[in-house]
Each structure stands twice: as structure tokens, then as C-alpha cells.
Amino acid sequence: MLATVVSGAVLGIDAYRVDVEVDMAMGLPQFNIVGLPDGAVRESKERVRAAIKNSGFMVPARRLTVNLAPADIRKEGAAFDLPISLGMLACAQVISPDLLKDYMVVGELALDGTIKRVRGVLPLAAACREHGLKGILLPQANAPEAAVVQDIDVIGVHDLQQVIRFMNGAEGIASAEALAINEMETTDSARVDMADVKGQEHVKRALEVAAAGGHNVLMVGPPGSGKTMLARRLATILPYLEFEESLQTTKVYSVVGMIHEKESLIRERPFRSPHHTISDVGLIGGGSIPRPGEISLAHNGVLFLDELPEFKKNVLEVLRQPLEDNQVTITRSMVSITYPARIMLVTAMNPCPCGYLGDPKHECTCSIGEIQRYRARLSGPLLDRIDLHVEVPAVRYKELADSRCGESSKNVRDRVQSTRALQHKRYTKGMNGIRCNAQMTPRHLREFCKVDAEGERLLEMVVDRLGMSARAYDRILKVARTIADLEQAPDIQAVHLSEAIQYRTLDRGVK
């Protein structure tokens, strides 16, 4: 007897349909799984047998063949346990096969028959809707996450016995609903505020410009000057996530299994801060079984690299292409996977190895050669991709002792939000998904970043004197456009260019 159960698998951050075909035939008892299964899928036959037996059911000792179609794509993970078991039970006439064609089925089985949560449920639910199925049958713990997808029934189940009763019409299960906003857990970003930062007004201004235009930032300053504190509060002044952005980000977290049970949707922009010992695979993604890296986990949010020169050179260099393309493509012999990587790169470093170059309170003990070698760990092409280089001096005692609070993140975010709205309106017509000034192409620069004669003279003098690259020139124009947008100015003026130029600190060399 043959039974087919609809299931799915994740490729990148999207899912595709997998038909689990189970054939039960006469012959010596065997259990074979074909269709390029990995180790976890091959081991499912032991979990499935034990789960069916411990749930009080029996499958005749026959020759079983399970095919996972399409057979030319490698299948991984334990999410096929439940569809395989239902196919076997349908062949044994324990359950009615009528509902199998209407539902996508995913879930990992424990040996006692309970159903454990799996990864990638959100893209699987989206694929279920795309294929016109009635709904998706999945672990109860995953139901709120899948319920974000509208127009399908999301059936969360606890154990195999409950699934069998549902398939036989003996028990009805209500479709799950996504968690309400007030039921979701609040992330740590809501517990910090830009008002906590004492002094550093010019750095706060630079971060506001960066947030308003989506620009990458490098902060240079001595230890204890507040670089990390400022970076962690940057996420609190970024614009609120739009629904499409939230859905894309949630897909990435769903694929790696990082969606909390009390979350249906990622509502806050991600903030990722990997340690400097991270590998290039950990940062970009990959591995024998490709997985998203930190840059994709920061999609639509902030990737913060503290102590930038301490990262391995090859790790930093692999950032160059994703920063340009806003995505990461991982190619293996049998598959090519693309993960999204639209991020704000925020970095921090000391001005020299000892950290006190230019600090009036501490003497720098580094030679010119040591400083040059330290900064040479950052390649020119990487620095060109960072729009703002900001000096963060040590905070004076008077500023630390000041009891007054600075401007709150909410007030800054309101200005950033209105500036982003202006940019969104500008790029609405045929701009290929551009959301902010940092994503402008050369064609957009020519159209929206025109400067007057005074500005041209200023740019010519600065570019020739500092020997800036064409990419650095473009970055200045993009930042100047953002500064003009913050002031609601229709055209870029010389004063906007002057402020943008001062944010290219490292182009001036060692002082």
C-alpha cells in the first residue's frame, strides 16, 4: 500500500514542498529511506518505530520504503519524523488518509510519542499557503510562530495520539493564533536609552545621522570613552521595523531555531555583537550544512564589531561583498543558498595599540610605526565601506557628574523616523527596494545628490588633498544627503558637505 504525506524543508530562508511517499509491501521486514537523507533523517526510522509502539499502536512487519521527493535535494533535520509516522499509519490503515492531502506536516518525535519543536516553521507555513493547502500540522510549541501567516489553519499538536485522533475525526483542534503584541516578551533594547550617555554630544549627532540614513559607523576612542555604550543604544533610535522587514528577520531566526516560544514575530531590530575570535564562517555563514551567520542574524538591524583590529584579517575581508550586495551567497557542490544581510555595520576601535593616542590625560607609548601597523589591520577597501569615522574622546568629570539627563532615544527616533519617511517617499517609484540613503546607487547619486559650485570646490579640495577613493567620495555625498534630509533641506549645501567630510577621520592618517 502507498501513502503520501505533504511536508516541507527549508532552503536558505525559504521553504519548498517535500512529498513523503511511504510504501508498505510484502517481504522481509526492512526500513529504507531514500531521497538524499542526512544522518538525522536516516535515524528517524528508530524514533518513528519507538514512538508508534509507545503510543499504543502497531505497524505490521513489512518492507517499508520512504521516498522524500524531490530526491535531488539533500534533506536534513528531524522534522520528517511526524510525516513518516503518519504515512506508515496510513499504510497500516490506522488513520484515514483523507486529510493527508490537505495539510503540510512537520515535527520531531520523542520515543514516547510526544512532538518536539523544530526549526524553520515560519517559512514552512508560508510555503504551505503558497501551495494552496488548507493548513499545517506542527508541534504545539511552534504554533504561535506559524500563526503569523494568514489564511491557513495552524494546528498545534502535543503528541502522536492526538494527531491520530485528529486525522480520524475523533478530535477537533482549533487553529492557533499569533500572540498579541502585549503578550510578547520585551527585548533588552527597550531597557537602554540614549539619555543614559553622559556628554559625547557630537558622537550622538553622528549616530543620529547614521540611523537616519542607514550608514555604517566606525568609532575611534580610548578605553572607557563609551563606544560600546553608544553602540548598544543605537538600536533604540533606529526606525521601527516595517511588517515586511519584521517577517524577513523572523524567517532568519526561525531557520536557526532562535524564535522564543513567547514570540510570534521579531519586533525589535536585531543587535548582534560577536566576539573578535569568531571565524569567517561564523560571521558570514556556511558550514557543511549551510547556516546563517551573524551578519544574517543582524538583518535589518545592527552588527557591532568591538575592538575591530583584533578580528582576524580574513574575517574582516569577507565582509566587503555582503556590505555592497546586502546578501550572502554560500555555494556548495550541490546547492547555492542566499541569505539576506541588509545591516548597519557599527564598529569600534582604539586609536592606537595602547589606546591613548590624542588623550590629554594619558601619555601614548606607541611609536608611529606601531600605530601604522595597528591601523593597517583594516584594509582601505573595508574602511571605504564605512561611511562615518567618528572620534570618541574620553568624557570629562564635569560631564560625568552632571545630574541632567540627555535627550531620550524616543525623541531622537522621532526625528529619524520622519527622515526615513522622507527617503521612503523619494525612493518609492522604481527604486528596487531602496529604503534609505546608504543604499543609493550611482544613478541615484547623480539624481538626488547634486551640489552647487561652492560644494564642488570644497569636495575637489578635500578629495585631492586626502587622496580619497571614488567610493569614499560617494559615501560623503550619501551622508551629506542624509544631513540635508534631517534639516528637511531639498538640496545639499556646503555646510552639509562640511559635516559629512569631518566624519572621515581615518582618511587623514596618523596625527
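Residues numbered from 1 in each chain as written. Predicted model: local features only at pLDDT ≥ 70, side-chain atom pairs only at ≥ 80, totals over all residues. Heavy atoms only, no water.

Teacher, can you tell me more about the sheet that holds strand E10 (residues 217-220) here?
Sheet strands pair by backbone hydrogen bonding; their relative direction is either parallel or antiparallel. Strands sit in the order E11-E14-E17-E10-E18 across an open sheet of five strands; the sheet is parallel. One side of each edge strand has no neighbouring strand; the edge strands of this open sheet are strand E11 (271-272) and strand E18 (388-391). Across four bridges, the pairing between E10 and E18 is parallel. What sits directly across from Val-220, in E18, is Glu-391. (Pairing = 2+ DSSP bridges. Helix = DSSP H or I, 4+ residues; strand = E, 2+ residues; numbered from the N terminus.)

What is the right way to look at the side chain of Glu-499 in this model?
With respect to the secondary-structure elements, Glu-499 resides in helix H21 (residues 494-502). The contacts of Glu-499, once residues within four sequence positions are left out, are Arg-205, Val-209 and Ile-483. (Contact = heavy atoms within 4.5 Å.)

Is there a simple way to think about the packing of helix H2 (residues 44-54) against helix H3 (residues 81-91) in this case?
What describes two packed helices is the angle between their axes and the distance between those same axes. Following both chains from N to C, one finds H2 and H3 inclined at 60 degrees, their axes separated by 10 Å at the closest point. The angle between H2 and H3 falls in the class oblique. In this structure, H2 meets H3 at a crossing whose hand is right-handed. On the side of H2, the interface is formed by Ser-44, Arg-47, Val-48 and Ile-52, while H3 contributes Asp-81, Ile-84, Ser-85, Met-88 and Leu-89. The class makeup of the residues in the contact of H2 with H3 is five nonpolar, two polar and two charged. (Axes fitted to C-alpha atoms, helices over the stretch in contact; angles between N-to-C directions. Parallel < 35°, antiparallel > 145°, perpendicular 65-115°, else oblique. Left-handed = near helix turned anticlockwise from the far one by under 90°. Nonpolar A, V, L, I, M, F, W, Y, C, P; charged D, E, K, R; others polar.)

What is the right way to read the pattern of salt bridges from this model?
Pairing between side chains becomes possible if they bear opposite charge and their charged atoms approach one another. Summed over all chains, the structure comprises 24 salt bridges. Ionic pairing is found between Lys-204 and Glu-201, a salt bridge with its closest N-O pair at 3.5 Å. Here Glu-201 and Lys-204 lie together in helix H7 (residues 201-213), a separation of three residues that amounts to about one turn. Accessibility expressed as a relative area gives 53% for Glu-201, which makes it exposed. Via salt bridges that share partners, Glu-324, Arg-385, Asp-387, Arg-471 and Arg-475 belong to a single interconnected network. (Salt bridge = Lys/Arg side-chain N within 4 Å of Asp/Glu carboxyl O. Buried < 20%, exposed > 50% of the residue type's maximum accessible area, 1.4 Å probe, protein only.)

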